Amino acid sequence: MTEPENKKQKTEEKSALTALKALSVIVADTGDIQSIEQFKPTDATTNPSLIYKAAVMPEYNKLVEDAIVYGKGDVETTMDKLAVNFGAEITKIVPGYVSTEVDARLSFDTGATIAKARKIIELYKEMEIDKSRILIKIASTWEGIQACKVLEEEGITCNCTLIFSKAQAVACAEAGATLISPFVGRIMDWKKKSLGVDGFAPTEDPGVISVTGIYNYYKKYGHETVVMGASFRNKEEIIELAGCDRLTIAPALLEQLQASADPVVKKLDASAVESIEIEKIDASESNFRWMMNEDAMATEKLAEGIRNFAADIVKLENIIKSKI
């Protein structure tokens, strides 16, 4: 090993990222396969926005072309195949789960979400990738959560995403979701704008507080659903959630953590929740809808997230149409 390589290895051994990996499972939040290879996470998550960004990169032309050939002129089939092509490549790199997202435009249609999830799993099967490696990513509307319940009963594991409230999180857990993705940075964005402030200290970050509350609720009431903090704006938010089951992190923040020597200590601890008083939540549809109605931030950010994912799907469809 050369001196620069030895120095790099020692830096990585002392980094915040290395310390974090000892407390939480680290997941790469990207469709860029080269970034995943660089950081060697356990799992990887993709979404329509990430797939769109990766699909327009020249190095992934072969995945796009293969999907177009497979689709035989059918845009929907081509889009499904493209998402699975990216996921299949990622399964070669990460040892754990790869999340593939259902079309966001189906977020209010339980039956269509179930059908799309089954199709995605079938496409993975054609590539000899077992469904145990895949998480079907579904927006956490009431309809999406009911689709998750059916799929989990069939043995298709789900990642319920766009979670901004405890109401969503509890409904997902009671539906038997394998994993949820509560968002941190987007909550902070909304609160900054609402309160007219420039930012928050990490311990006072409303996104961090939200995920901590969900984590504590799950551990208090024995829910086995994995909590995977997502959508981070800075490395301090991530470090403040050390100990969370999983943390899905964009490559730019993984780089910052790798270069940082900031101290990392366990902040979320399942063994510490027994003494915390936490009110049990009714996860019925009527109460779910009422709690969402009373939470302007969660309602607005869920809707915005679905709209943005749908917009990126349309952008990618237009690229595919131009190539067919």
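**Focus on the overall build of the chain**
What the chain contains, in helices and strands, is 15 helices and 8 strands. For 324 residues, the compact-globule formula gives about 20 Å, and the C-alpha radius of gyration of the chain, at 20 Å, lands near that figure. Each principal axis of the C-alpha distribution contributes one length, and for the chain these read about 65 × 60 × 40 Å. Counting the 324 residues in the chain, one finds 55% classified as buried. If you take every contact in the chain between residues at least 6 apart in sequence, the share linking residues at least 24 apart comes to 68%. Total accessible area computed for the chain in this model is approximately 14,600 Å², and 51% of it derives from carbon and sulfur atoms. Considering the chain, the positive charge centre built from 39 side chains and the negative charge centre built from 50 side chains are found 2 Å apart.

**Digging into the pattern of salt bridges**
Enumeration over the complete set of coordinates arrives at 18 salt bridges. As a salt-bridge pair, R105 and E317 come within 2.7 Å of each other at their nearest N and O atoms. One end of the pair, R105, is in the loop between β3 (98-101) and α7 (110-126); the other, E317, is in helix α15 (residues 296-323), and 212 residues separate them in sequence. Between D245 and K219 there is a salt bridge, with the nearest N and O atoms lying 3.1 Å from each other. You can see D245 sitting in the loop between α12 (235-240) and β8 (246-249) and its partner K219 sitting in helix α11 (residues 206-220), a full 26 residues away along the chain. When salt bridges that share partners are traced, they join E76, D80, K116 and K119 into one network.

**Considerations on the packing of α7 against helix α8 (residues 142-153)**
A pair of packed helices is captured by two measures, namely the crossing angle of their axes and the spacing between those axes. Axis separation between α7 and α8 bottoms out at 8 Å; the angle between their running directions is 45°. Classed by the angle they form, the pair α7 and α8 counts as oblique. Two packed elements cross with a definite hand, and for α7 against α8 that hand is right-handed. Contacts between α7 and α8 pair T110, T113, I114, A117 and R118 from the former with E143, Q146, A147, V150 and L151 from the latter. Broken down by class, the residue content of the contact of α7 with α8 amounts to 5 nonpolar, 3 polar and 2 charged.

About the cut-offs
- Residue positions within a chain follow its written sequence, with the count starting from 1.
- Given that this is a predicted model, residues contribute local features only at a pLDDT of at least 70 and side-chain atom pairs are listed and counted only at 80 or more, while totals for whole chains, interfaces and linings are drawn from all residues.
- Only hydrogens and water are set aside; all other atoms, that is, all heavy atoms of the structure, feed into the side-chain values.
- Labels follow the DSSP assignment, with helices taken as runs of H or I lasting at least four residues and strands as runs of E lasting at least two, numbered in each case from the N terminus.
- A radius of gyration in this sense is built from C-alpha atoms; the matching globule rule multiplies 2.2 Å by the number of residues raised to 0.38.
- Throughout, exposure labels follow a simple rule: accessible area from a 1.4 Å probe, protein chains only, divided by the maximum for the residue type, with under 20% read as buried, over 50% as exposed, and the rest as partly exposed.
- Pairs of residues are marked as contacts when any of their non-hydrogen atoms sit within 4.5 Å.
- Surface accessibility in these figures is a Shrake-Rupley result with a 1.4 Å probe; residues are shielded only by whichever protein chains are displayed.
- Residues scored as charged are limited to Lys and Arg (positive) and Asp and Glu (negative), so that His and the chain ends carry no count.
- Where a charge lies is defined by one atom per residue type: Lys uses NZ, Arg uses CZ, Asp uses CG and Glu uses CD.
- Just to be clear on terms, a salt bridge is a Lys or Arg side-chain nitrogen sitting within 4 Å of an Asp or Glu carboxyl oxygen.
- All axes here are fitted lines through C-alpha atoms, helices being fitted over the stretch that makes contact, and every angle between N-to-C directions spans 0 to 180 degrees.
- Reported orientations rely on four angle classes, namely roughly parallel under 35 degrees, roughly antiparallel over 145, roughly perpendicular from 65 to 115, and oblique for the rest.
- A clockwise turn of the near helix away from the far one marks a right-handed crossing, whereas an anticlockwise turn of less than a right angle marks a left-handed crossing.
- Residue polarity follows a fixed list, in which Ala, Val, Leu, Ile, Met, Phe, Trp, Tyr, Cys and Pro are nonpolar, Asp, Glu, Lys and Arg are charged, and the others, Gly among them, are polar.

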